[in-house]
Amino acid sequence: MKVMMQPLEMIAHFNDQGIPRPLKFKAHFEDSPVVIAVDKIISKSEEKLAGNPMLIFRCQSISNGLLKIYELKYELHTCKWFLYKM
């Protein structure tokens, strides 16, 4: 699994309590943008990274016929999304 911390453009749904659910995102791999739909959220947890609270979503998608498992991180204070592992 490749480890990185890449900022993302994200489309997400927020419930009444302000909790996000990632739907799809755009990432840049080798200078070309790729849009990936989140097929399934496997788990959701919370952690602090350098003192910043974050929500961690372990997700899966099928891309080019292959099952991909990855982690999305949502930084609560800045409202930014990151692709962490893919």
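Everything that follows concerns the structure shown earlier in this document.
(A) Up close: the nonpolar core. Ranked by size, the top nonpolar core spans 14 residues in total, and within it Leu-8, Phe-25, Phe-57, Tyr-70, Leu-72 and Trp-81 carry the most contacts. Those elements giving two or more residues to this core turn out to be β3 (20–29), β6 (52–63), β7 (66–75) and β8 (80–85). Other than its neighbours up to four places away in sequence, Phe-57 contacts Pro-20, Pro-22, Ile-41, Ser-43, Lys-44, Tyr-70, Glu-71, Leu-72, Tyr-74 and Trp-81.

(B) Up close: the sheet that holds β3. Overall, antiparallel pairing links the 3 strands, which are arranged β2-β3-β4 in an open sheet. Each edge of the sheet is formed by a strand with only one pairing partner; in this case those strands are β2 (9–14) and β4 (32–37). Across the sheet, the mean angle separating the axes of adjacent strands is 15° when strand polarity is ignored. With 6 bridges connecting them, β2 and β3 associate as antiparallel partners. Pairing of Glu-9 across the sheet is with Lys-26, part of β3.

(C) Molecular detail of the pattern of salt bridges. Counted by the stated rule, this structure contains 2 salt bridges. Residues Glu-47 and Lys-73 are paired through a salt bridge, measuring 2.8 Å at the closest nitrogen-oxygen approach. Of this pair, Glu-47 sits in strand β5 (residues 40–49) while Lys-73 sits in strand β7; the two residues are 26 residues apart in sequence, bridging distant segments of the chain. Take Lys-73: its relative accessible area is 3%, and that puts it in the buried class. Between Arg-58 and Glu-71 there is a salt bridge; the shortest N-O distance is 3.7 Å. With a gap of 13 residues between them, Arg-58 in strand β6 and Glu-71 in strand β7 connect regions that are remote in the sequence. Taking the relative accessible area as the measure of exposure, Arg-58 reaches 29% and is therefore partly exposed. According to the relative accessible area criterion, Glu-71 is buried, its value standing at 13%.

(D) Seen up close, the side chain of Ser-61. Within the element layout of this structure, Ser-61 appears in strand β6. Using a relative accessible area of 2% as the deciding quantity, one classes Ser-61 as buried. Among residues more than four places away in sequence, those in contact with Ser-61 are Ile-36, Ala-37, Val-38, Asp-39, Leu-66, Leu-67, Lys-68 and Tyr-70.

(E) Region of interest: the packing of aromatic side chains. The full count for this structure, using the stated rule, is 4 aromatic pairs. Taking 5.7 Å as the distance between ring centres and 35° as the angle between the ring planes, the aromatic pair formed by Phe-57 and Trp-81 counts as tilted. Separated by 24 residues along the polypeptide, Phe-57 in strand β6 and Trp-81 in strand β8 bring together distant segments of the chain. Trp-81 matches Phe-57 in its accessibility class, with the two residues each being buried. The interplanar angle of 45° and the centroid separation of 4.7 Å between the aromatic rings of Tyr-74 and Trp-81 together place this pair among those described as tilted. The exposure class assigned to Tyr-74 is buried, which follows from its relative accessible area of 6%.

Rules used throughout
- Residues numbered from 1 in each chain as written.
- Predicted model: local features only at pLDDT ≥ 70, side-chain atom pairs only at ≥ 80, totals over all residues.
- Heavy atoms only, no water.
- Core = buried A, V, L, I, M, F, W, Y, C linked by side-chain atoms within 4.5 Å.
- Buried < 20%, exposed > 50% of the residue type's maximum accessible area, 1.4 Å probe, protein only.
- Helix = DSSP H or I, 4+ residues; strand = E, 2+ residues; numbered from the N terminus.
- Contact = heavy atoms within 4.5 Å.
- Pairing = 2+ DSSP bridges.
- Axes fitted to C-alpha atoms, helices over the stretch in contact; angles between N-to-C directions.
- Salt bridge = Lys/Arg side-chain N within 4 Å of Asp/Glu carboxyl O.
- Phe/Tyr/Trp six-rings, centres within 6.5 Å; stacked < 30°, edge-to-face > 60°.

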